[in-house]
Number of protein chains: 2
Amino acid sequence: MAVTDEAITKIKDMLISGELSAGDRLPPEKELSEKLGLSRSSLREAVKALEIIKVLDVRRGDGTYVTSLEPKLLTEAMTFIVDLHQDESILEIFEVRRILEPAAAAIAAGRITTEEIAGLRATMENIDDSTSVEQLVDHDLVFHQLITSAANNAYLSSVLDGLSSGTVRARIWRGLTQEKAVDRTLSEHGAIIEALERGDAELAKALLTVHISGVEHWLRQAL
Amino acid sequence: MAVTDEAITKIKDMLISGELSAGDRLPPEKELSEKLGLSRSSLREAVKALEIIKVLDVRRGDGTYVTSLEPKLLTEAMTFIVDLHQDESILEIFEVRRILEPAAAAIAAGRITTEEIAGLRATMENIDDSTSVEQLVDHDLVFHQLITSAANNAYLSSVLDGLSSGTVRARIWRGLTQEKAVDRTLSEHGAIIEALERGDAELAKALLTVHISGVEHWLRQAL
DNA sequence: GTCAGTCTAATGGTCGGATGTTTATTTGCT
DNA sequence: AGCAAATAAACATCCGACCATTAGACTGAC
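How each quantity is defined
- Residues numbered from 1 in each chain as written.
- Chains lettered and ligands numbered in written order.
- Predicted model: local features only at pLDDT ≥ 70, side-chain atom pairs only at ≥ 80, totals over all residues.
- Heavy atoms only, no water.
- Near = heavy atom within 4 Å.
- Polar contact = N/O pair within 3.5 Å; in protein donor to acceptor, adjacent residues only side chain to side chain.
- Helix = DSSP H or I, 4+ residues; strand = E, 2+ residues; numbered from the N terminus.
- Nonpolar A, V, L, I, M, F, W, Y, C, P; charged D, E, K, R; others polar.
- Contact = heavy atoms within 4.5 Å.
- UniProt positions renumbered as here; feature names shortened; annotations may be inferred.
- Pairing = 2+ DSSP bridges.
- Domains from an automatic or database assignment.
- Phe/Tyr/Trp six-rings, centres within 6.5 Å; stacked < 30°, edge-to-face > 60°.
- Lys NZ or Arg CZ within 6 Å of the ring centre and 35° of its normal.
- Least-squares fit on C-alpha atoms with pLDDT ≥ 70 in both.

Chain A appears in an unreviewed UniProt entry as GntR family transcriptional regulator from Arthrobacter psychrolactophilus.

Right under this line is the structure:
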C-alpha cells in the first residue's frame with residue numbers, strides 16, 4: 001500500500017479509536033508527517049482526500065480540524081458522485097427515493113411539530129406557476145428536506161439529500177414549467193402538508209408515493 | 001478557491017461535459033498540470049481526492065484512468081464514512097435499512113432468477129451455530145447483497161451495502177453467537193429464501209422487516 | 001483598564017525539481 | 001515466432017523554498 005493510503009488509514013484509525021475526536025485539531029502538517037513517517041507532500045494528499053469527503057476541515061493559517069463527523073457529511077460525498085452520472089440512471093435513483101421518502105413522511109407524520117408545519121407552509125408562499133425556475137427549485141429542495149428532517153433520522157436525511165442533487169432538480173422543474181405542470185406539483189405539495197398536519201401517516205406516505213411516481217413518470221417519457 | 005479545489009472541479013466538469021468518459025485515460029500528471037495551470041504537487045492532491053471516492057483509478061507506471069463510474073462506487077465512499085461513526089448511530093442506520101431492505105426484497109421477489117435463488121441457497125451450506133464468526137459474517141454479507149442485487153437497482157444496492165459495513169456486522173454476529181441466537185437468525189434467512197422463490201413479495205417484505213427489526217431490537221438492548 | 005490597531009509567529013498553500021519504483025513497450029537475439 | 005533484456009513512460013515520494021492567511025500577542029492611545 002502506498003504511504004499516502006497508509007496515512008489515510010492511520011488517520012481514520014485514530015478517529016475510530018478515539019485518539020482523535022470531533023472538533024479536535026490535528027498536529028501541524030510537518031509534525032504529523034514526521035509522526036506518521038512520510039513527507040509533507042504525501043501527507044497533504046491524504047489530508048486533501050479526507051477533506052473532500054468532509055472528514056477533515058482545513059483552515060489555512062490556523063490548522064486542520066476533525067469535522068463534526070455528523071451523518072450529514074454523507075450528503076456531500078454522495079452528491080459529488082451522483083452528480084457524475086445523472087443521465088442514464090436518474091430513474092434508478094428515483095426508485096430509491098420512492099422507497100425512502102414515503103417512509104420518511106410516514107415517520108414524520110407521527111412526530112412533526114407545529115413549527116415544522118409552519119416551515120413547510122412558508123415554502124409555499126409567493127410561489128405559483130409564474131415563479132422562476134430557480135425559485136421553484138429552491139422551494140422544492142427545502143420542502144423535501146423539511147419533510148425528511150422531520151423524520152428525525154440524520155442518515156435518512158443525508159442519503160435522501162445526496163440522492164436528489166440540485167442539478168437534477170433544476171432539469172426537472174425546467175421541464176415541469178414547460179409542460180405547465182407546476183400547478184399540479186404545487187398542489188400535491190399542499191396536500192402533503194395537510195396530511196402531515198393531521199398526523200395521517202398512511203395518507204402522507206401514499207401522497208408522497210404518488211408525488212414522486214408522478215415526477216418519475218414524467219421523467220421516463222422525457223428521456 | 002484553492003487551486004487544488006479548482007482542479008477537482010475542472011476534472012469533474014470534464015466528466016460531466018463528456019470530455020472525459022468512463023475508462024478514458026487522463027493526460028500524464030505533468031501535462032495535465034500544465035493544462036490546468038497548477039503544479040504537479042497540487043494536481044496530485046486533487047487526483048488523490050478523486051481516487052478516494054473512486055472516480056479516478058491511478059495505476060502506477062501506467063497512467064490515470066476514469067473509473068466505470070458505476071453507482072457501485074457509492075458503496076465504498078459511504079462505507080468509509082459510516083465506519084467512522086458506528087457507535088452512537090447504528091440504530092439510525094438500521095432504521096434506514098429497515099425501510100430499504102424489505103422494499104428491495106419485494107422488488108426482488110418479482111424478478112429473481114433460479115440462478116440467484118441457487119446462489120442464496122449456497123450461502124446457507126456448511127453454516128450452522130458452530131460456524132466461526134468470520135464465516136457467519138461472510139454468509140450474512142453475501143446473503144443480503146444477493147437479495148439487494150436481485151432488485152436490479154444499482155443505487156439501491158450501493159446505498160444498502162454502504163450502510164452495512166463489515167465492522168458493524170462482525171460486532172453483531174459476535175453478539176448473536178454469544179446469545180445462541182444464530183439458529184433463529186439462520187432460519188429467518190431460510191424463510192426469506194423460500195418466500196422469494198415463491199415470488200411472494202408481501203411475505204418477503206414482511207419477513208425482512210421482522211428480520212431486521214429483530215437484530216435492531218437486540219442491538220438496542222445491547223447498547 | 002480597555003479598546004483598537006499593529007505586529008508576529010504559526011500554519012496551511014503552492015511550487016519546482018530531483019530521485020525512486022513500477023509497468024508497458026520496444027528491441028534484439030535465438 | 002517467441003522469449004528476454006533494455007528502454008521509456010508514468011506514477012510515487014521526498015525535499016526545500018517561498019507565499020498567503022490567520023490567530024493571538026503586543027502596543028499604544030484614550
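So that's the structure; there's more coming.
J.: Can you lay out the protein's contact with DNA strand D for me, pointing to particular residues and giving the numbers?
T.: For DNA strand D, the set of nearby residues contains 23 residues, the closest of which are Val3 and Arg60 of chain A together with Arg25, Arg44 and Asp62 of chain B. Across the atoms of DNA strand D situated within 4 Å of the protein, the share located in sugar and phosphate is 74%. Contact distances for DNA strand D include 3.4 Å between a phosphate oxygen and a side-chain N or O atom of Arg25 of chain B. Within the contact set of DNA strand D, a sugar or linking oxygen lies 3.5 Å away from a backbone nitrogen or oxygen of Asp62 of chain B. Contributing elements (two or more residues each) for the surface near DNA strand D: helix 1 (3–17) and helix 3 (40–52) of chain A together with helix 3 (40–52), strand 1 (56–59) and strand 2 (63–66) of chain B. Sorting elements by how many residues they give to the surface near DNA strand D places helix 3 of chain A first, with three residues. Partitioning the surface near DNA strand D into residue classes produces five nonpolar, eight polar and 10 charged.

J.: Go over the side chain of Thr67 of chain A with me, naming the residues and quoting the values.
T.: Tracing the chain through its elements places Thr67 of chain A in the loop between strand 2 (63–66) and helix 4 (73–84). Not counting chain neighbours up to four residues away, the residues in contact with Thr67 of chain A comprise Ala22, Gly23, Lys54, Val55, Leu56, Asp57 and Leu73 of chain A.

J.: With reference to specific residues and values, describe the UniProt feature "domain: HTH gntR-type" (unreviewed entry) in chain A.
T.: The UniProt record marks residues 1–69 of chain A with the feature "domain: HTH gntR-type" (unreviewed entry), using the residue numbering of this structure. For residues 1–69 of chain A, the end-to-end C-alpha separation is 26 Å, with 52% helix and 12% strand making up the annotated structure.

J.: If you had to explain the protein's contact with DNA strand C to someone new, which residues and values would you point to?
T.: DNA strand C sits among 22 residues. The nearest are Arg40 and Arg44 of chain A together with Val3, Ser39 and Arg60 of chain B. Close to the protein, within 4 Å, the atoms of DNA strand C are drawn from sugar and phosphate at a rate of 71%. A distance of 2.6 Å separates a phosphate oxygen of DNA strand C from a polar backbone atom of Val3 of chain B. Measuring from a phosphate oxygen of DNA strand C, one finds a side-chain N or O atom of Thr4 of chain B at 3.3 Å. Elements supplying a minimum of two residues to the surface near DNA strand C: helix 3, strand 1 (56–59) and strand 2 of chain A together with helix 1 (3–17) and helix 3 of chain B. The dominant element in the surface near DNA strand C, judged by the number of residues it contributes, is helix 3 of chain B, at three residues.

J.: Give a detailed account of the pairing of strand 1 of chain B, specifying residues and quantitative values.
T.: Residues and elements named next belong to chain B. Of the strand pairs in this sheet, strand 1 and strand 2 are connected by four bridges, and their pairing is antiparallel. For Val58, the partnering residue across the bridge sits in strand 2 and is Thr64. The hairpin turn running from strand 1 into strand 2, its antiparallel successor, is three residues long, and Gly61 in that turn takes a positive phi close to 80°.

J.: Lay out the domain arrangement of chain A in plain terms, naming residues and giving numbers.
T.: One can read the domain layout of chain A as domain 1 (3–66) and domain 2 (73–222). A C-alpha centroid distance of 36 Å is found between domain 1 of chain A and domain 2 of chain A.

J.: How would you sum up the packing of aromatic side chains? Please name residues and give values.
T.: This model, assessed by the stated rule, comprises zero aromatic pairs over all chains. A cation over a ring is seen here: Arg97 of chain A above Phe94 of chain A, with NZ or CZ 5.2 Å from the ring centre. Directly above the ring of Tyr65 of chain B sits Arg59 of chain B, whose terminal nitrogen or CZ lies 3.9 Å from the centroid.

J.: Mind laying out the relation of the copies chain B and chain A, listing which residues take part and the relevant values?
T.: Note on the identical chains: chain B maps onto chain A by a rotation of 180° and an axial translation of 0.0 Å, with an RMSD of 0.1 Å. Such a combination of rotation and displacement between the chain copies is what one expects of a two-fold axis. Of the interface residues in chain B, 100% have counterparts in chain A that sit at the interface too, so the contact is made through matching surfaces.

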